[in-house]
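# Chain and residue survey
Below, each chain spelled out in residue letters.
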Amino acid sequence: MDCTIGPITAGRAHLESPRSITLCAHQSLLLAQVARDAECLRLTVHGGIGRIAASFSQPGCRNWNDVTLAFAAREERPWLRLPASTSCLLEALTPLRCDMQPLPQCPASHDLISDWLLELHLVRHPVGADLRLRALLQLLVQRFGRRSGAGYHLPLALGHARLAELIGSTRSTVTRQISELRRQNLLRPGAGGGALLLAPELVEGP
């Protein structure tokens, strides 16, 4: 799959027309490259799943410690209001095809980031890391998964460090929880490598 990004137009002309972007899995794009003069992006996903993240690191910092703000897929709300004073990026969790159109302001009162921040806040509410991890997996299946005879197929697999960031825990704790879910045969790799298969009792339980 070719990973392509259309040419970046100088000045404000790029606010008027969308650009087609194709990213390979794990490739990232700094959104400042697309929305240099805009406060909002219309992000239309044609295929794949992406992650919207923000970095609050100081300029010149060698470590890119990013925070997940939202996920993007075909069914998601297209409006993306970019937070001020942050460096935002779009990471392809699977091969991703999308159009981006910078706009002076969002026409919708609720945008993609606002919706996901509420969902992720609720995920972090349970006290135990095991319950938070279960809540996160249930949310991702609800948004991106599909039911099959063997359980629920989730077409992306996040690393343990990313799962820890999402549920407000440590990587070692997440590794232990994942190992326990696998021991109980509630979670296992799905077909195609970068996917997960979740047992119905893991998704449908409390």
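Our structure is the block above this text.
Below, the structure is looked at part by part. (Residues numbered from 1 in each chain as written. Predicted model: local features only at pLDDT ≥ 70, side-chain atom pairs only at ≥ 80, totals over all residues. Heavy atoms only, no water.)

## Quick word on the sheet that holds strand β13 (residues 196–198)
Our working rule: For two strands to be treated as a pair, DSSP must find at least two bridges joining them. To qualify as a helix, a DSSP run of H or I must reach at least 4 residues; to qualify as a strand, a run of E must reach at least 2; elements of each kind are numbered from the N terminus. The axes are straight lines fitted to the C-alpha atoms, using for helices just the contacting stretch, and the angles between their N-to-C directions are given from 0 to 180°. We call two residues in contact whenever any of their non-hydrogen atoms come within 4.5 Å of each other.
Here we have four strands laid out as an open sheet, ordered β10-β11-β13-β12, and antiparallel in their pairing. Looking at strand neighbours, the two that pair on one side only are β10 (146–148) and β12 (187–189), the edges of this open sheet. Taking each pair of neighbouring strands and ignoring which way they run, the sheet shows an average axis angle of 30°. In the sheet, β12 pairs with β13 via three bridges, with the strands oriented antiparallel. Bridged to arginine 188 within β13 is leucine 197. Of the strands in this sheet, β10, β11 (151–154) and β13 are in contact with helix α2 (residues 129–144), which crosses β11 at around 80°.

## Observations concerning empty space enclosed by the protein
Stated precisely, the cut-off is as follows: In this analysis, the protein atoms alone were mapped onto a 1 Å grid. Cavities are point sets where a 1.4 Å probe fits without being able to get out; pockets are open sets with protein on both sides within 12 Å along at least five of seven lines; lining residues have an atom within 4 Å of a point. Grid points are joined across faces, edges and corners, and a volume is the space filled by probe spheres set on the points. Under the scheme applied, nonpolar residues are Ala, Val, Leu, Ile, Met, Phe, Trp, Tyr, Cys and Pro; charged residues are Asp, Glu, Lys and Arg; polar residues are all the others, including Gly.
Going through the model one piece at a time under the given rule, you end up with one cavity of 30 Å³ or more. Reported here for the largest cavity is a volume of approximately 30 Å³. Lining the largest cavity are Leu43, Val45, Ala72, Ala73, Glu76, Arg77, Pro78 and Leu112. Grouping the constituent residues of the lining of the largest cavity by class yields six nonpolar, no polar and two charged.

## Observations regarding the side chain of threonine 68
Quick note on the threshold: For each residue, the accessible area found with a 1.4 Å probe, counting protein chains only, is set against the maximum for its type, and the residue is called buried under 20%, exposed over 50%, and partly exposed in between. Under this definition, polar contacts are N or O atom pairs within 3.5 Å; protein pairs additionally need one hydrogen-donor-capable and one acceptor-capable atom, and for neighbouring residues in sequence, both atoms have to be side-chain atoms.
Tracing the backbone shows threonine 68 in strand β6 (residues 66–72). Of the residues examined, threonine 68 reaches a relative accessible area of 1% and is grouped as buried. In this structure the side chain of threonine 68 is engaged in a polar contact, spanning 2.8 Å, whose partner is the side chain of arginine 51. Here the side chain of threonine 68 touches glutamate 165 through a polar contact of 2.7 Å, side chain to side chain.

## Observations concerning the sheet that holds strand β5 (residues 50–55)
If you walk across this open sheet you meet the four strands as β3-β8-β5-β6, and the pairing is antiparallel. With partners counted over all chains shown, the strands left at the sheet margins are β3 (28–30) and β6, one partner each. On average, adjacent strands in this sheet sit at an angle of 25° to one another, irrespective of strand direction. Bridge count between β5 and strand β8 (residues 87–92): six bridges; the pairing is antiparallel. By the bridge assignment for β8, glycine 50 is matched with alanine 92. Where helix α3 (residues 160–167) meets the sheet, its contacts fall on β5 and β6, and the angle it forms with β6 comes to roughly 90°.

## Some points on α3
Residues of α3 that are buried: Leu163, Ala164, Glu165, Leu166 and Ile167. Close packing links the buried residues of α3 with β5, β6, α1 (112–123), α2 and α4 (171–183). Following α3 by one or two positions, glycine 168 adopts a phi angle in the positive range, close to 70°.

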